[in-house]
Amino acid sequence: MNDLKRKERKRKEKKRGQFKDKLKSFFQRCGQDTPPFFKKLRIAGMVIAAAGATLLAAPIALPAAIVSLAGVLTVGGAVATAMSQAAIVDDNDEPCDDEEGGYPGSDGCDDTYD
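Residues numbered from 1 in each chain as written. Predicted model: local features only at pLDDT ≥ 70, side-chain atom pairs only at ≥ 80, totals over all residues. Heavy atoms only, no water.

(A) Structural context of helix H3 (residues 64-86). The terminal C-alpha atoms of H3 lie 34 Å apart, and with 23 residues this matches the ideal 33 Å at 1.5 Å per residue to within 8%. Those residues of H3 that sit buried are Ala70, Gly77, Thr81, Ser84 and Ala86. (Helix = DSSP H or I, 4+ residues; strand = E, 2+ residues; numbered from the N terminus. Expected span 1.5 Å × (residues − 1). Buried < 20%, exposed > 50% of the residue type's maximum accessible area, 1.4 Å probe, protein only.)

Encoded structure:
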């Protein structure tokens, strides 16, 4: 009986350690270089979230539809900002220039998905 309890305790400790490792790797990932598209998306998300927060904090009474829209804008902008911050540049990939070819694969970049 004690062996089962010890094994269960070790398994739980291992899971907690894995969670901390994943969280640590997420914060390390957020500190790396972000691709240009996601930098623009992050700024747009901040602007959208700020607009929603401004509507929510308005000192005048607003219709319920506008207040609901403001909540959606705030959450959507915050999510877009957080997710675009987590995107990183892959050192193995070459940057693809979409202006030259106009369709995937025309500029020599490998556009296949694994």
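The structure having been displayed, the exposition proceeds.
(B) Spatial organisation of the packing of helix H2 (residues 36-56) against H3. At a minimum axis distance of 7 Å, the contact between H2 and H3 shows a crossing angle of 155 degrees. In terms of orientation, H2 and H3 fall into the roughly antiparallel class. As H2 runs across H3, the sense of the crossing is left-handed. Of H3, the residues touching H2 (which contributes Phe38, Leu41, Arg42, Gly45, Met46, Ile48, Ala49, Gly52, Ala53, Leu55 and Leu56) are Ile66, Val67, Ala70, Gly71, Leu73, Thr74, Gly77, Ala78, Ala80, Thr81, Ser84 and Gln85. (Axes fitted to C-alpha atoms, helices over the stretch in contact; angles between N-to-C directions. Parallel < 35°, antiparallel > 145°, perpendicular 65-115°, else oblique. Left-handed = near helix turned anticlockwise from the far one by under 90°. Contact = heavy atoms within 4.5 Å.)

(C) Looking closely at the packing of aromatic side chains. By the definition in use, this model includes 1 aromatic pair. Residues Phe37 and Phe38 carry aromatic rings whose centres are separated by 5.2 Å and whose planes lie at 75 degrees to one another, so their mutual orientation is edge-to-face. Take Phe37: its relative accessible area is 55%, and that puts it in the exposed class. (Phe/Tyr/Trp six-rings, centres within 6.5 Å; stacked < 30°, edge-to-face > 60°.)

(D) How the structure looks around the pattern of salt bridges. In this structure the tally under the stated criterion is 1 salt bridge. In this structure, the salt-bridge partner of Lys39 is Asp33, at a minimum N-O distance of 3.9 Å. Accessibility expressed as a relative area gives 35% for Lys39, which makes it partly exposed. (Salt bridge = Lys/Arg side-chain N within 4 Å of Asp/Glu carboxyl O.)

(E) Layout of the environment of Asp90. Position of Asp90 among the secondary structure elements: in the loop between H3 and helix H4 (98-101). As a C-alpha pair, Asp90 and Asp33 span 57 residues in sequence and 9.3 Å in three-dimensional space.

Geometric descriptors of this kind do not, in isolation, establish any biological role.
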